[in-house]
Amino acid sequence: MRKERDFLTNFSSKFWYNIPAYSRLCRLGQHKAPTHCIEHLERYILMFTELTVKKPAWSGWILVPLRLFFGVTFVYAGLQKLTDPNYFNPSATTYIGRQITDFALGSPLKGFLLKVAVPHAFLFGALVAYGEVAIGLGVLLGFLLRPATFFGLLINLLFFLSADFHIFPYFYGADIVFVFGWITLLLAGPTNQTLPAFDTWLVLRLVARTPEAQRAT
């Protein structure tokens, strides 16, 4: 039994991805393996593979807190800006143009902020505010989740390079944490999550309407 177990372990670690070809070689006598193990070889390897790739039942919940926090936070941040009467008021101390001017101090994006963003402060302020609401809703609903995640990453990266760039040490700023949280969501995508995603539902609906799927049913 030990010899068979060692053979199976060695086989599964090196050749599990090419079971049919390896089995044919064994049947032709081109590989030295226990003959009584060959007839059940594929079954053993399939069982081994299922054990190694089986996900725990709670794995779908891993990214739920991240999606809920990012989604709610971005919707709240966008609505807060849009309902603030001073956000678009040039005479107010909290006017978006003045905020951008302050952010430019010591920022690697200083030239862009002062020469492009400040003269068009209303436009950039609206893009940020409405963009935050759209990104938050996209993350919560799972609608265009990866594009929403990408633009959320972009916004927080810009905030890190402007509003948070003077903060030392860097990890005291919130935006760098958001950046890596967005990267995690971007890599994961909308599948295999307990929190429903409109993207997944839409893809399944479109696939179900293909001729191949209809013939299969």
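Here the structure is a predicted model, which means the values were calculated and not measured.

### Examining the confidence of the model for the protein
(1) Moving on: On average, residues of the protein score 80 in pLDDT, and 71% of them are at 70 or above.
(2) Moving on: Confidence, expressed as mean pLDDT per element, reaches its minimum in the protein at helix H3 (residues 35-38) with 49 and its maximum at helix H8 (residues 121-141) with 96.
(3) Moving on: Here residues 27-31 is a poorly scored stretch, pLDDT under 50, and it has seven contacts once near neighbours within four places are set aside; other chains count.

### Quick look at the packing of aromatic side chains
(1) Moving on: If you walk through the whole model with that rule in mind, you get 15 aromatic pairs.
(2) Moving on: Ring centres 6.4 Å apart and planes at 75° place the aromatic pair Phe 160 and Phe 165 in the edge-to-face group.
(3) Moving on: When its relative accessible area of 39% is taken as the criterion, Phe 165 is described as partly exposed.
(4) Moving on: A network of ring pairs unites the aromatic residues Phe 69, Phe 70, Phe 74, Phe 178 and Trp 182 as a single cluster.

### Observations regarding unusual backbone geometry
(1) Moving on: Pro 169 follows Phe 168 through a cis peptide bond whose omega is -5°.
(2) Moving on: Position of Pro 169 relative to the elements: it lies in the loop between helix H9 (145-161) and helix H10 (175-188).
(3) Moving on: Even without being a glycine, Leu 144 presents a positive backbone phi close to 50°.

Conventions adopted
Residues numbered from 1 in each chain as written. Predicted model: local features only at pLDDT ≥ 70, side-chain atom pairs only at ≥ 80, totals over all residues. Heavy atoms only, no water. pLDDT = per-residue confidence, 0-100. Helix = DSSP H or I, 4+ residues; strand = E, 2+ residues; numbered from the N terminus. Contact = heavy atoms within 4.5 Å. Phe/Tyr/Trp six-rings, centres within 6.5 Å; stacked < 30°, edge-to-face > 60°. Buried < 20%, exposed > 50% of the residue type's maximum accessible area, 1.4 Å probe, protein only.

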